[in-house]
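As a plain string of letters, each chain reads:
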Amino acid sequence: MAGTAGRAAKAMRAGHQASAGELLELVRSGRATTRGALQQATGLSRATVGQRLDRLFRAGWLREGAGGPVDSPQGGRPSITLEFDDEHAVVLAADLDTRHGRAAVVSLSGEIQAEHHGSLRIEDGPDAVLGEFGRWFAELLEKAGQRADAVCGIGIAVPGPVDTDTGKVVQPPIMPGWDGYDIRGRLGRAFAEHAGIESAGGAGSATGAGVTRSGARIPVLVDNDANLMAYGEQRTGYPDCSAFALVKVSTGIGAGMVVGGSIYRGVDGGAGDIGHIRVGADALCRCGSYGCLAAVASGGAVARRLAESGVPATSGSDVRDLLTAGHPEAMALAREAGRQVGDVLATVVTLLNPGVLMIAGDLAGTPFLTGVRELLYQRALPRSTAHLDVVTSRLGERAGLVGAGALVVEYLYAPERVEERLAALGV
């Protein structure tokens, strides 16, 4: 949001008057947090700023904080600061992997208030899996001491490519039975059923909203898990990094990219699907092709090689447990997988030129990271890696939840959507 004040001023010069939503964005970004600063940033009169702010106060989205610096060089009383009220609502977040899921109640500032994780088999299909998430959500609200009508949105991370316009996964290699399924509608209805509130059902809005209460529609947003992990990690740990990349290596392999503060998805949500880059091997991938990176270097691929040598392992999470225990064969195979992924990442780094490359997922330990660095720095141009930090996850298994929560908050409080929501509230 660093350029918000400049954009607002430019809009004013073009004859545009800043809306209540744009004032809220200025406050949320910290660019203007007093009435005087808002007047200066937007060119609006004192009375007009007051009218815009009054709508935000009546909606419960703004509150007054402590006294700030004196606005006038002539002195006077300290100005009252304005703050986004992050306690007026909560977000529900879910993160789905192939064999387990996580769900949480998340505050508008990104704090996890209640959390649950448990076994969920993605191959059981969307109806059963999303129904279970709905049950978890209702239980977590009670645990967090929140009412169902405090929920302003739901976000879910899934391990497949997502068309964000429809919220549907598109030909997902490791999600059998999910292709084209109405995730938004089903998850919304499941939450409504378990929380005992009215369900809107279907996909009647741009976000395929799930539920209503007192006439308020709750949006359900769906995105790829690597995208949301990258978004959560970048916003919380590397907010000043203008090009951030995260590679998740678990049962499959996927990448998420945050460029200029926004998730980069490509034209139809397919960006970052590096697990299906061909690397010349003859291994059969779950997508039906031969030679994909995921077929030789994912957690699932390492598990298969371990099983072939008599070590019990069937998934990336099994490999993670073996790595934690220091199993020598698992560590050797993880390092080898890291080298194969590092070879591909040399091209990714050369193309994207990120400031941070984060390795996450089941294999994201020292052996794998060592392998990545060996090939990455050997194959990539020195110019591409001169200012590159190769790191592991800070948020760990919570990254997808934090990213899903942030996605919903940024969607709901974008200036244009603020105007729509204020109008719906009648303020």
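Residues numbered from 1 in each chain as written. Predicted model: local features only at pLDDT ≥ 70, side-chain atom pairs only at ≥ 80, totals over all residues. Heavy atoms only, no water.

### Side note on the nonpolar core
Right, so step 1: Grouped together as the largest cluster of nonpolar side chains are 54 residues, with contacts concentrated most on Leu38, Leu56, Phe244 and Tyr413.
Right, so step 2: If sequence neighbours within four positions are ignored, Leu38 has contacts with Leu23, Leu26, Val27, Ala32, Gly43, Val49, Leu53 and Leu82.
Right, so step 3: By size, the runner-up hydrophobic cluster in this structure holds 39 residues, among which are Val319, Leu323, Leu333 and Leu357. (Core = buried A, V, L, I, M, F, W, Y, C linked by side-chain atoms within 4.5 Å. Buried < 20%, exposed > 50% of the residue type's maximum accessible area, 1.4 Å probe, protein only. Contact = heavy atoms within 4.5 Å.)

### Details of unusual backbone geometry
Right, so step 1: Although it is not a glycine, Gln171 adopts a positive phi angle of roughly 45 degrees.
Right, so step 2: As for its position among the elements, Gln171 is in the loop between strand S8 (168–169) and helix H6 (183–195).
Right, so step 3: The exposure class of Gln171 is exposed, given its relative accessible area of 63%. (Helix = DSSP H or I, 4+ residues; strand = E, 2+ residues; numbered from the N terminus.)

### Quick word on the sheet that holds strand S4 (residues 100–107)
Right, so step 1: Taken in spatial order, the five strands of this open sheet run S5-S4-S3-S6-S11, and their pairing is mixed. At either end of the open sheet lies a strand with only one pairing partner, and these are strand S5 (112–119) and strand S11 (220–224). Across the sheet, the mean angle separating the axes of adjacent strands is 15 degrees when strand polarity is ignored.
Right, so step 2: Examined bridge by bridge, strand S3 (residues 90–96) and strand S6 (residues 151–158) share six bridges and lie parallel to one another. Bridged to Leu92 within S6 is Ile154. (Pairing = 2+ DSSP bridges. Axes fitted to C-alpha atoms, helices over the stretch in contact; angles between N-to-C directions.)

### Description of the confidence of the model for the protein
Right, so step 1: With 89% of its residues at a pLDDT of 70 or more, the protein shows a mean pLDDT of 90.
Right, so step 2: Confidence drops under a pLDDT of 50 for residues 1–9, and excluding neighbours within four residues, the segment shows 16 contacts in the predicted structure.
Right, so step 3: Every residue in residues 200–206 is under pLDDT 50, and counting partners more than four places away or in other chains gives 17 contacts. (pLDDT = per-residue confidence, 0-100.)

### Some remarks on the sheet that holds strand S12 (residues 243–249)
Right, so step 1: On the basis of which strands lie adjacent, the open sheet formed by five strands has the order S14-S13-S12-S15-S16 and mixed pairing. The open sheet is flanked by strand S14 (262–263) and strand S16 (389–392), the only strands paired with a single partner.

### Some points on the pattern of salt bridges
Right, so step 1: Throughout the structure, instances matching the rule amount to 28 salt bridges.
Right, so step 2: The partner of Arg55 in a salt bridge is Glu419, and the shortest N-O contact between them spans 3.3 Å. Here Glu419 lies in helix H15 (residues 415–425) and Arg55 lies in helix H4 (residues 46–59), a separation of 364 residues in the sequence.
Right, so step 3: Relative accessible area serves as the criterion here: at 24%, Glu419 is assigned to the partly exposed category.
Right, so step 4: A salt bridge links Arg102 to Glu115, with the shortest nitrogen-to-oxygen separation between them at 2.8 Å. Of this pair, Arg102 sits in strand S4 while Glu115 sits in strand S5; the two residues are 13 residues apart in sequence, bridging distant segments of the chain. (Salt bridge = Lys/Arg side-chain N within 4 Å of Asp/Glu carboxyl O.)

### So, empty space enclosed by the protein
Right, so step 1: According to the stated counting rule, one finds two cavities of 30 Å³ or more in the structure shown.
Right, so step 2: The calculated volume of the largest cavity comes to roughly 50 Å³.
Right, so step 3: Forming the walls of the largest cavity are Asp97, Thr98, Arg99, His100, Thr251, Ser315, Ser317 and Asp362.
Right, so step 4: For the lining of the largest cavity, the class distribution of residues is no nonpolar, five polar and three charged.
Right, so step 5: By volume, the second largest cavity amounts to about 30 Å³.
Right, so step 6: Every residue lining the second largest cavity is listed: Val296, Val302, Arg305, Leu333, Glu336, Ala337 and Gln340.
Right, so step 7: Residue assignment for the lining of the second largest cavity shows that the elements contributing at least two residues are helix H9 (299–308) and helix H11 (328–352).
Right, so step 8: A total of four residues in the lining of the second largest cavity trace back to one element, the largest contributor, which is H11.
Right, so step 9: Partitioning the lining of the second largest cavity into residue classes produces four nonpolar, one polar and two charged. (1 Å grid on protein atoms, 1.4 Å probe; cavity = no way out; pocket = protein on both sides within 12 Å on 5 of 7 lines; lining within 4 Å. Points joined across faces, edges and corners; volume = space filled by probe spheres on them. Nonpolar A, V, L, I, M, F, W, Y, C, P; charged D, E, K, R; others polar.)

### Quick notes on the pairing of strand S13 (residues 253–259)
Right, so step 1: S13 sits mainly inside the fold: six of its seven residues count as buried.
Right, so step 2: Of the pairings in the sheet, the one linking S12 to S13 comprises seven bridges and is antiparallel in character. Following the sheet pairing, Ala243 is matched in S13 by Val259.
Right, so step 3: Counted along the chain from S12 to the antiparallel partner S13, the turn is three residues long.

### Here's the deal with the environment of Leu82
Right, so step 1: Positionally, Leu82 belongs in strand S2 (residues 80–84).
Right, so step 2: C-alpha of Leu82 to C-alpha of Gly65: the two residues are 17 residues apart in sequence and 5.7 Å apart in space.
Right, so step 3: Setting aside its immediate chain neighbours within four residues, Leu82 contacts Val27, Thr33, Thr34, Arg35, Leu38, Leu53, Phe57, Arg63 and Glu64.

### Concerning the environment of Ala195
Right, so step 1: Mapping Ala195 onto the fold places it in helix H6.
Right, so step 2: On the basis of relative accessible area, Ala195 is assigned to the partly exposed category, the value being 25%.
Right, so step 3: Setting aside residues no more than four positions away along its own chain, Ala195 makes contact with Ala138 and Ala148.

### A look at the state of the cysteines
Right, so step 1: Counted by the stated rule, this structure contains zero disulfides.
Right, so step 2: Just so you know, Cys285 is unpaired, no disulfide at all, and the nearest cysteine sulfur is the one on Cys287, 3.7 Å from it.
Right, so step 3: We classify Cys285 as buried; its relative accessible area is 8%.
Right, so step 4: As a non-bridged cysteine, Cys292 has Cys287 as the owner of its nearest cysteine sulfur, 3.7 Å distant. (Disulfide = S-S within 2.5 Å.)

### Remarks on the packing of aromatic side chains
Right, so step 1: Counted by the stated rule, this structure contains six aromatic pairs.
Right, so step 2: Plain terms: the ring middles of Phe84 and Tyr413 are 5.0 Å apart, the flat faces sit at 75 degrees to each other, and that makes the pair edge-to-face. Separated by 329 residues along the polypeptide, Phe84 in strand S2 and Tyr413 in the loop between helix H14 (399–412) and H15 bring together distant segments of the chain. The exposure classification of Phe84 matches that of Tyr413, with both residues buried.
Right, so step 3: Through a chain of ring-to-ring contacts, the aromatic side chains of Phe133, Trp136, Phe137 and Phe191 assemble into a single cluster.
Right, so step 4: Stacked on the ring of Tyr238, the Lys or Arg Arg394 has its end atom at 4.6 Å from the ring centre.
Right, so step 5: When the ring centre of Tyr413 is taken as reference, the NZ or CZ atom of Arg421 above it lies at 4.8 Å. (Phe/Tyr/Trp six-rings, centres within 6.5 Å; stacked < 30°, edge-to-face > 60°. Lys NZ or Arg CZ within 6 Å of the ring centre and 35° of its normal.)

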